[in-house]
Structure formats: structure tokens, C-alpha cells
Amino acid sequence: MSTSKVDTSGVFQPITVHADATKLLLSSEQVLFRQNGIEFMAPEPIPHWTEMTVDLRCPVEGKPVRGTGVVVDCTGNRHAGYVVSLVFMNLTPQSQERLTQLSQRPGA
């Protein structure tokens, strides 16, 4: 994954991330967009290799974009929370291009 800044543009409305036992609703300010995935804070640890579904809601297009990813890293503690790194799998070329644009935006 590459380094990027937090997206503060509000391009995406709340982001829903869920696995079988976990469901999180995150604002766009709580998600770091990476070239191949996202990073976010979670109150509980999520085991490596957990498959998760992500729903990104874009107010401009009006319909959600759904992606599936795998947790590749989860670090932190119960006091400060856990930083979860999720890499997307099988993205369409259009989705991959959009994710790359989001991860490279200046000021984001």
C-alpha cells in the first residue's frame, strides 16, 4: 500500500464495512484511501485474512459502490483502537482507477 492523506473532501458519504460478526459505519474523514485498498479505525481487532465487504456511498452518483477486500494488517490496542488495513480483491478497472485517483489527490 502507498501512503496518502485522509480524504476530507466528502466525496463519499458514510462508508459501511462489514464482515460476518462486524459492521462499521465510517465517515469519509475516518478512511484513508490507498492505491489498492483502505485503512480505518475499528474499536475491536479484526483478524488477518478476514474477508470484508465495503459499501462506498457517493452522493454525486447516488448509488453505492460495493467492494470485497481482505484484512492484511490490524494493529493497535483496546484503549486507542485498532488501525485496520484492507486490500480490495477483484476490482473492476473503473473501480481501480477511481481508487487510485482518490489515493493520489493532493490535499486529500
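Quick caveat, the model's predicted, so the values are computed rather than measured.

**Q** Go over unusual backbone geometry with me, naming the residues and quoting the values.
**A** Of note in the backbone geometry, Trp 49 takes a positive phi value of approximately 70 degrees without being a glycine. Residue position: Trp 49 is located in the loop between strand 4 (37-42) and strand 5 (51-57). One non-glycine residue, Asn 90, adopts positive backbone phi at about 55 degrees. By secondary structure assignment, the location of Asn 90 is in the loop between strand 7 (81-89) and helix 1 (93-104).

**Q** Which residues make up the confidence of the model for the protein chain, and what values do they have?
**A** For the protein chain, mean pLDDT is 77; residues scoring 70 or higher make up 69% of the total. Ranking the elements of the protein chain by mean pLDDT puts strand 1 (residues 13-18) last, at 66, and strand 7 first, at 94. Scored below 50 in pLDDT, residues 1-5 shows 16 contacts in the model against residues more than four places distant or in partner chains.

**Q** Now, about the nonpolar core: what can you tell me, with residues and values included?
**A** Counting 20 residues, the largest nonpolar core has Ile 38, Phe 40 and Leu 86 as its most contacted members. Only strand 2 (23-26), strand 3 (31-33), strand 4, strand 5, strand 6 (64-77), strand 7 and helix 1 provide two or more residues apiece to this core. It is strand 7 that provides the largest number of residues to this core, a total of four residues.

**Q** An account of the pairing of strand 4 is requested, with residue identities and associated values reported.
**A** Where burial is concerned, most of strand 4 is hidden: five out of the six residues are buried. Two elements, strand 3 and strand 4, share three bridges in a ladder whose sense is antiparallel. Across the sheet, the residue bridging to Phe 33 is Ile 38, located in strand 4. Hairpin geometry of strand 3 and strand 4 is characterised by an intervening segment of three residues between the two adjacent antiparallel strands. Strand direction decides the pairing type here: strand 4 and strand 7, joined by six bridges, are antiparallel. The partner of Ile 38 across the bridge, within strand 7, is Leu 86.

**Q** Before we move on, can you summarise the pattern of salt bridges with the specific residues and values?
**A** For the coordinates displayed, the defined rule picks out one salt bridge. Residue Glu 39 is joined to Arg 34 by a salt bridge in which the shortest nitrogen-to-oxygen separation is 3.0 Å.

What counts as what
- Residues numbered from 1 in each chain as written.
- Predicted model: local features only at pLDDT ≥ 70, side-chain atom pairs only at ≥ 80, totals over all residues.
- Heavy atoms only, no water.
- Helix = DSSP H or I, 4+ residues; strand = E, 2+ residues; numbered from the N terminus.
- pLDDT = per-residue confidence, 0-100.
- Contact = heavy atoms within 4.5 Å.
- Core = buried A, V, L, I, M, F, W, Y, C linked by side-chain atoms within 4.5 Å.
- Buried < 20%, exposed > 50% of the residue type's maximum accessible area, 1.4 Å probe, protein only.
- Pairing = 2+ DSSP bridges.
- Salt bridge = Lys/Arg side-chain N within 4 Å of Asp/Glu carboxyl O.

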